[in-house]
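Observations on the three-dimensional arrangement
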Amino acid sequence: MISAAVLITSLLIAINASIGGTFLVLRRMGMLTDAIAHAILPGLVIGYLLAESRSSPLITLFAAATGLLVTLLIYWLNKYLNVWVEASTGMVYTSFFALGILGVTLFGENADLDTDCILYGELLWIPFRRPLSGTFLDFAPWAVWQQLMLLGLWAILLLPSWPIWKSISFDIDFARTQGLNVERKNVQLLALVSLSTVWSFEAVGAILVMGFMLLPAATAWLWVKRLEHMLALSIALAALSAIGGYVLAWWINLDPSTTMVLVSGTFFLLSLLWQRKSTLRVG
Amino acid sequence: MKIEPIVDVHNLTAGYRRRPAIWNLDFQIQEGKFTGILGPNGSGKSTLLKCLLGQITPYTGYAHLWGQKVDRVRHRIAYVPQKESVDWNFPATVLDVVLMGRYRPGRFWQRLGKKDKEAALYWLEQTGMNHLANRQIGQLSGGQRQRVFLARALAREPSLLFLDEPFAGVDAGSAERILHMLKLLIEQGKSIVMVHHDLVSAGKILDDAILLNTRLVASGPVSEVFNHENLSATYGSDLSILSDVIDLVTRNPGRFKDPRNQKS
């Protein structure tokens, strides 16, 4: 059975993830998604314990804040203590993840959280998550509203100051000498990436969310020579992978988020073979 | 009438992670001059440049531009970084990069207009890069990359231009073009501060020099500060090239004027 709600949700998740992914790939910060996706676990646990319900906005808030905290921690360790980005990423997110697992184990029984659903997500349950039931917004599942909000936030963040995002992504030191508030823009970007990860991983899990973020952007980079085109192609590829993956999942009866990432990965591989002379050094 | 210095550095100590790379610098740079920051590797040239650009905060002292903090005069300066400092695989065309010089902070809606594009195209033409405007930047040679960076800086129409070793790894044709542009700027009354490596060319092209070896060795007109004592204090005394440089400067004073004869 094809569910319109699942299809639309995954389409929006894929599109939002690919926007953040475009900037992460360009700035060699791809692994950050993985770090955020794992490190938000303690935030989820704390949020859950405080809210005592799975759909409370408090959980999102705590998780997203933890994601942002982790990114900033990685950044500070690198900047002020001169720890390699790779090393500080590995240190910070594994510690946070371990802390989260500890929380789940200690409080998991009465918290209805389990590690499986955190790692693999549950896209097919999306239509049944309706905390807004009874209100006029009930015609679409909560996840759709989340993703629409996120899309709106991306638009507000990127559209008015698009040239600045270009300048910062290309040459952050030059942007700084221009007097642009680089640090603020960085935090804004990372906050949205963090929020995007939190809201996506409920559906697709902590591991596959990285594929949603990075694969379309990395594929697009192989084909374009302007950032505008990269972003547009990245969004298009994300949408195509979501639809293609959903149809494939329905056809051979698999979990849709898995097939979506597989389709996305196939696009990347084909592009790489086609382009031969690769410009990509994802790091 | 006393001339206000364009750059005023006083008791400046700065570095990274509490380890100073430059100590107690005191010097001034005059308006309208082509000034070089010279010194061996590890002498703190880049640290000094970062202080002047406000990229790092000094431990003691200050580096003022036009008597103010750099944050208040950013619209009047521009910067040409080393071309190795960015990833040239970035998806942008030559024109995109030059347009990046046009952004100014402050407004909410910060899209660029027709005027900005015209200015960018003008500076591309001036640097001899207009035929490459739509090329992806990764396909440029080293010299062309440096010219794109120069065009991006000049698109800001600065009164004071900072450059970080603009001639490193640049072919002769591009180097000549860049030098020509810099000389034009000086003729138009702009000021240039450049971190530079090559002593021989420094003697030919610069007005003033700041000799640096973690501490200030000397600063002033090239014809005055380029002597054996200063250069060996900067670079160490065993450089045979030093005497050649001094010869060159004393034999070809070129456009250097004795500051004592200058009217002000």
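Thresholds applied
- Residues numbered from 1 in each chain as written.
- Chains lettered and ligands numbered in written order.
- Predicted model: local features only at pLDDT ≥ 70, side-chain atom pairs only at ≥ 80, totals over all residues.
- Heavy atoms only, no water.
- Helix = DSSP H or I, 4+ residues; strand = E, 2+ residues; numbered from the N terminus.
- Buried < 20%, exposed > 50% of the residue type's maximum accessible area, 1.4 Å probe, protein only.
- Contact = heavy atoms within 4.5 Å.
- pLDDT = per-residue confidence, 0-100.
- Core = buried A, V, L, I, M, F, W, Y, C linked by side-chain atoms within 4.5 Å.
- Domains from an automatic or database assignment.
- Salt bridge = Lys/Arg side-chain N within 4 Å of Asp/Glu carboxyl O.
- Buried area = accessible area lost by both parts, 1.4 Å probe.
- Polar contact = N/O pair within 3.5 Å; in protein donor to acceptor, adjacent residues only side chain to side chain.
- Nonpolar A, V, L, I, M, F, W, Y, C, P; charged D, E, K, R; others polar.
- Axes fitted to C-alpha atoms, helices over the stretch in contact; angles between N-to-C directions.
- Parallel < 35°, antiparallel > 145°, perpendicular 65-115°, else oblique.
- Left-handed = near helix turned anticlockwise from the far one by under 90°.
- Phe/Tyr/Trp six-rings, centres within 6.5 Å; stacked < 30°, edge-to-face > 60°.
- Lys NZ or Arg CZ within 6 Å of the ring centre and 35° of its normal.
- Expected span 1.5 Å × (residues − 1).
- Bend = angle between axes of the 7 residues up to and from the residue.
- Patch = residues over 30% accessible without salt bridge, like charges linked within 9 Å, V, L, I, M, F, W, Y side chains within 5 Å.
- Areas by Shrake-Rupley, 256 points an atom, 1.4 Å probe, with all protein chains shown as cover.

**As for the overall build of chain A**
- Assigned secondary structure in chain A consists of 12 helices and zero strands.
- With 283 residues in all, chain A has 55% of them scored as buried.
- Taking as baseline every contact in chain A between residues at least 6 positions apart, the subset at least 24 positions apart corresponds to 71%.

**Things to note about the confidence of the model for chain B**
- Summarising the model, chain B shows a mean pLDDT of 86, and 86% of its residues fall at 70 or more.
- The low-confidence segment residues 254–264 of chain B, where pLDDT is below 50, has 14 contacts with residues more than four positions distant or belonging to other chains.

**Observations regarding the nonpolar core**
- By size, the foremost hydrophobic cluster in this structure holds 128 residues, and its most contacted members are Trp154(A), Ile137(B), Leu150(B), Leu161(B), Leu182(B) and Phe226(B).
- Looking at this core element by element, the count peaks at 20 residues for helix H10 (residues 182–221) of chain A.
- Here this core spans two domains, and each of domain 1 (7–45 + 54–197) and domain 2 (198–206 + 216–255) of chain B adds at least three residues to it.
- Those residues within four positions of Leu182(B) in sequence are excluded, and the remaining contacts are Phe34(B), Leu150(B), Leu161(B), Leu163(B), Phe167(B), Ile192(B) and Met194(B).
- Judged by nonpolar contacts, the second largest core, of 30 residues, contains Phe174(A), Phe27(B), Val70(B) and Ile210(B).

**Examining the pattern of salt bridges**
Residues and elements named next belong to chain A.
- For the coordinates displayed, the defined rule picks out 12 salt bridges over all chains.
- Across the pair Asp173 and Arg176 runs a salt bridge, and its minimum N-O distance is 3.1 Å. Remark: Arg176 and Asp173 occur in helix H9 (residues 172–177); sequence separation between them is three residues, near one turn of the helix.
- Overall, Asp173 belongs to the partly exposed group, its relative accessible area being 27%.
- Judged by its relative accessible area of 23%, Arg176 falls in the partly exposed class.

**What to know about the interface of chain B and chain A**
- Across the boundary between the two partners, chain B contributes 33 residues, which contact 32 residues of chain A.
- Counting the surface lost from both chain B and chain A, the interface buries some 3,000 Å², and carbon and sulfur atoms represent 60% of this.
- When the buried area of chain B at its contact with chain A is split by residue, Phe90(B), Pro91(B) and Tyr103(B) rank highest and sum to 21% of it.
- Applying the counting rule to chain B against chain A returns four salt bridges.
- Across the salt bridge formed by Asp96(B) and Arg226(A), the nearest N and O atoms sit 2.5 Å from each other.
- At the surface where chain B touches chain A, the tally comes to 11 residue pairs in polar contact (both at pLDDT 80 or more).
- Put simply, the parts of the chain that give the side of chain B that touches chain A at least two residues each are helix H2 (94–99) and helix H4 (142–154) of chain B.
- Taken together, the residues that form the side of chain B that touches chain A break down as 16 nonpolar, seven polar and 10 charged.

**Re the environment of Thr105(A)**
- Inspection of the secondary structure assignment puts Thr105(A) in helix H5 (residues 85–111).
- Looking at Thr105(A), the relative accessible area reads 58%, which means it is exposed.

**A look at the packing of helix H11 (residues 227–252) of chain A against helix H12 (residues 256–275) of chain A**
All names here are of chain A.
- Interhelical geometry of H11 versus H12 gives an angle of 130° and a closest axis separation of 7 Å. Taken as axis vectors, H11 and H12 run oblique relative to one another. Handedness of the H11/H12 crossing: right-handed. Along its contact with H11, which presents Leu237, Leu240, Ser241, Ala242, Gly244, Gly245, Tyr246, Leu248 and Ala249, the element H12 presents Pro256, Thr259, Met260, Val263, Ser264 and Phe267.
- A class-by-class count of the residues in the contact of H11 with H12 yields 10 nonpolar, five polar and no charged.

**Some remarks on unusual backbone geometry**
- Residue Arg28(A) is not a glycine yet carries a positive backbone phi of 60°.
- Relative to the elements of secondary structure, Arg28(A) occurs in the loop between helix H1 (4–26) and helix H2 (31–39).
- Among the residues examined, Arg28(A) registers a relative accessible area of 25% and is labelled partly exposed.
- In the Ramachandran plot, Asn24(B) falls in the positive-phi region, its phi being about 45° despite a non-glycine side chain.
- Within the secondary structure, Asn24(B) sits in strand S2 (residues 19–29).

**Details of the packing of aromatic side chains**
- The tally for this structure, following the rule as stated, stands at seven aromatic pairs over all chains.
- Here Phe170(A) and Phe90(B) contribute two aromatic rings whose centre-to-centre distance is 5.3 Å and whose plane-to-plane angle is 55°, an arrangement assigned as tilted. Taken as a pair, Phe170(A) in helix H8 (residues 162–170) and Phe90(B) in the loop between strand S5 (77–80) and H2 lie in two separate chains rather than in one.
- Residue placement shows Arg76(B) over the ring face of Trp66(B); its charged tip is 3.9 Å from the ring centre.
- Here the basic side chain of Arg152(B) rests over the ring of Phe174(A), its NZ or CZ set 3.6 Å away from the ring centre.

**Things to note about H1(A)**
Residue and element names in this part refer to chain A.
- In this model H1 runs 33 Å from its N-terminal to its C-terminal C-alpha over 23 residues, within 8% of the 33 Å that 1.5 Å per residue would give.
- At Gly20, H1 is bent by approximately 25°, the largest bend along its length.
- With 19 of its 23 residues buried, H1 lies for the most part within the structure.
- Just past H1, the residue Arg28 takes up positive phi, approximately 60°.

**Some words on the environment of Gly39(B)**
Residue and element names in this part refer to chain B.
- Tracing the backbone through its elements, the reader meets Gly39 in the loop between strand S3 (34–38) and helix H1 (45–52).
- Take Gly39: its relative accessible area is 2%, and that puts it in the buried class.
- Between the C-alpha atoms of Gly39 and Leu211, which are 172 residues apart in sequence, the distance is 5.8 Å.
- Beyond its immediate sequence surroundings of up to four residues, Gly39 is in contact with Lys45, Leu212, Thr234 and Tyr235.

**Concerning the side chain of Thr71(A)**
All names here are of chain A.
- Here Thr71 lies in helix H4 (residues 57–80).
- Its relative accessible area of 3% is what places Thr71 among the buried residues.
- Leave out the neighbours within four places in its chain, and Thr71 touches Leu32, Ile36 and Leu190.

**Regarding a nonpolar patch on the surface**
- Residues Ile243(A), Val247(A), Trp250(A), Trp251(A), Ile252(A) and Leu254(A) make up a contiguous nonpolar surface patch of about 650 Å² in total accessible area.
- Classification of Ile243(A) as partly exposed rests on a relative accessible area of 39%.

**Some points on the packing of H4(A) against H10(A)**
Residues and elements named next belong to chain A.
- Running from N to C, H4 and H10 cross one another at 135°; their axes reach a closest spacing of 8 Å. Classed by the angle they form, the pair H4 and H10 counts as oblique. Once H4 is placed against H10, the crossing between them reads as right-handed. Residues Thr60, Ala63, Ala64, Gly67, Leu68, Thr71, Leu72 and Tyr75 of H4 form the contact with H10, whose participating residues are Glu183, Val187, Leu190, Ala191, Ser194, Leu195, Val198 and Trp199.
- The residue makeup of the contact of H4 with H10, split by class, is 11 nonpolar, four polar and one charged.

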